[in-house]
Amino acid sequence: WAWGANANGTLGLNSNISYSSPVQVGSDTTWSKLAKGGEFCKWMMAIKTDGTLWTWGGNWNGALGLNQAEAQLPRNSSPTQIPGTTWSDAIGVTGNHPRLGLKTDGTLWGWGGGSNGSLGLNDRTNYSSPTQVPGTDWSSISFTYNSTKGLKKA
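Residue numbering note: each chain is counted from 1, following its sequence as written. For this predicted model, a pLDDT threshold of at least 70 governs which residues receive local features, and a threshold of 80 or more governs which side-chain atom pairs are given and counted, while totals over whole chains, interfaces and linings are taken from all residues. With hydrogens and water stripped out, all remaining heavy atoms of the structure feed into the side-chain values.

Chemist: I keep staring at the packing of aromatic side chains and nothing clicks. Help me out?
Modeler: The geometry of two aromatic rings is summed up by the distance between their centres and the angle between their planes. Any two of the Phe, Tyr and Trp rings considered here, Trp counted by its six-membered ring, make a pair once their centres fall within 6.5 Å; the pair's planes then place it as stacked at under 30 degrees, edge-to-face at over 60, or tilted in between. Scanning all chains against the criterion turns up 3 aromatic pairs. Aromatic pair Trp87 and Trp111: ring centres 6.0 Å apart, planes at 75°, arrangement edge-to-face. Pair noted here: Trp87 is in strand S7 (residues 87–92) and Trp111 is in strand S9 (residues 108–112), with a separation of 24 residues, a long-range link. Buried means the residue's accessible area, taken with a 1.4 Å probe over protein chains only, is under 20% of the maximum for its type, while exposed means over 50%, and partly exposed covers the values in between. You can call Trp87 buried: its relative accessible area is 4%. Note on geometry: a ring has a charge over it if NZ (lysine) or CZ (arginine) is within 6 Å of the ring centre and within 35 degrees of the ring normal. Lying across the ring of Trp109, Lys103 places its NZ or CZ 5.1 Å from the centre. Lying across the ring of Trp138, Lys152 places its NZ or CZ 4.8 Å from the centre. Strands here mean DSSP runs of E at least two residues long; helices mean DSSP runs of H or I at least four residues long; both are numbered from the N terminus.

Chemist: What is the right way to look at the sheet that holds strand S4 (residues 43–48) in this model?
Modeler: Across a sheet, paired strands are connected by hydrogen bonds in the backbone, their directions being either parallel or antiparallel. Read across the sheet, 4 strands follow the order S3-S4-S5-S6 without closing on themselves; strand pairing throughout is antiparallel. The open sheet has two free edges, formed respectively by strand S3 (31–34) and strand S6 (75–82), since each of these has just one partner strand. The average undirected angle you get between the axes of adjacent strands in this sheet is 25°. As paired strands, S3 and S4 are joined by 3 bridges and run antiparallel to one another. For Leu34, the partnering residue across the bridge sits in S4 and is Ala46. By the convention used here, strands pair only if DSSP detects at least 2 bridges between them. For every element, the axis is a line fit to its C-alpha atoms; helices are fit only across the contacting stretch, and the angle between N-to-C directions ranges from 0 to 180 degrees.

By themselves, these observations are geometric and do not establish any function.
This is the structure in structure tokens:
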């Protein structure tokens, strides 16, 4: 369910209309987890019970993870699946910064703004599709404005 300001389609309701009461996102009820986002997020991500990851809203620096640059897809006002399944968690901060997704196999994936190196890919590049962060056995992830933290299984 979503409500409030809807600039860039962040409510996922296939419009830019703001709503003052909750409206169901999508036609099914298989959403299981909202991605953790930062203050002033202009995008959203959610995971369904089948392990698929969905994204919508603004596409700054490829933030939607749909392999399209901002000029090709500046925003998407309805949920669109990021390729793959078995996603267990997702996190991101504000518009120009990265998104990270954790899979059930312990692999960590990053996309979006990487200019400050916080994607963990040993560069400062923006990625418009999920790219695996080196290593395995990741168990959790967190963000602050300009840095990323992760825990590995012992």
